[in-house]
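Coordinates in review
Each chain, letter by letter, is given below.
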Amino acid sequence: MRLLLLAVFAVASLTYCTRDKAPTGFESPSATIDSLFRAYGVQDMTQDEARRRLQARERFELLDPALFRSCFSDWQGEHDQALAGFVFGQLVAAKQEMKIELDEDTARVQVAPASPELKPIVLVKQDFAWKIDLRQSVPPQIRQSLYEVYRRARRAERRAQ
């Protein structure tokens, strides 16, 4: 009986301990950003190369869609793809220059300090994991513009069918 109680206690302790830890890749704001970069396979790409590709309007290939979606606290569906792409572009262009400021369960990543129209990228801590908050990270005017582009593309796609 004691052995059974010890086994139950051990399993309960393990379950309790694992709930107190963030999933691997999301234990800090920088780890979450690294996970986003891994989803695109750009973790080893230099900032200069990323900027060159952005300026040339080259596409970045998404290699791990599940990892990509798990980087965001407020992912709601396919229509958020453009917001997430906007955030990714800001982060990858500032790989070596970004500054992370922590304030309890919120982190702000400064990617373009000289640009008043761009807001910091915001990460929030949820259940011990740091996630990017799309709606706080993308300025409202840009967000609305990206949603409108998405709506037009969906309408054109439906007409083509």
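Below: a short report on this structure. (Residues numbered from 1 in each chain as written. Predicted model: local features only at pLDDT ≥ 70, side-chain atom pairs only at ≥ 80, totals over all residues. Heavy atoms only, no water.)

Some remarks on the sheet that holds strand E3 (residues 121-126)
Taken together, 4 strands build an open sheet; the order of strands is E1-E2-E3-E4 and the sheet is antiparallel. Both edges of this open sheet fall to strand E1 (99-103) and strand E4 (129-132), since each of them pairs with a single strand only. Adjacent strand axes in the sheet meet at a mean angle of 25 degrees, parallel and antiparallel pairs treated alike. Examined bridge by bridge, E3 and E4 share 4 bridges and lie antiparallel to one another. Bridge pairing links lysine 125 to tryptophan 130 in E4. Where helix H2 (residues 29-40) meets the sheet, its contacts fall on E1, strand E2 (106-110), E3 and E4, and the angle it forms with E4 comes to roughly 55 degrees. On top of the sheet, helix H5 (residues 81-93) reaches E2, E3 and E4; it is set at about 105 degrees to E3, its chief contact. (Pairing = 2+ DSSP bridges. Helix = DSSP H or I, 4+ residues; strand = E, 2+ residues; numbered from the N terminus. Axes fitted to C-alpha atoms, helices over the stretch in contact; angles between N-to-C directions. Contact = heavy atoms within 4.5 Å.)

Quick look at the packing of helix H3 (residues 47-55) against H5
Axis separation between H3 and H5 bottoms out at 8 Å; the angle between their running directions is 140 degrees. Classified by the angle between their axes, H3 and H5 sit oblique to one another. Contacts between H3 and H5 involve Gln47, Ala50, Arg51 and Leu54 from the former and Gly89, Val92 and Ala93 from the latter. Here the contact of H3 with H5 is composed, by residue class, of 4 nonpolar, 2 polar and 1 charged. (Parallel < 35°, antiparallel > 145°, perpendicular 65-115°, else oblique. Nonpolar A, V, L, I, M, F, W, Y, C, P; charged D, E, K, R; others polar.)

Such coordinate-based values are descriptive only and should not be taken to indicate function.
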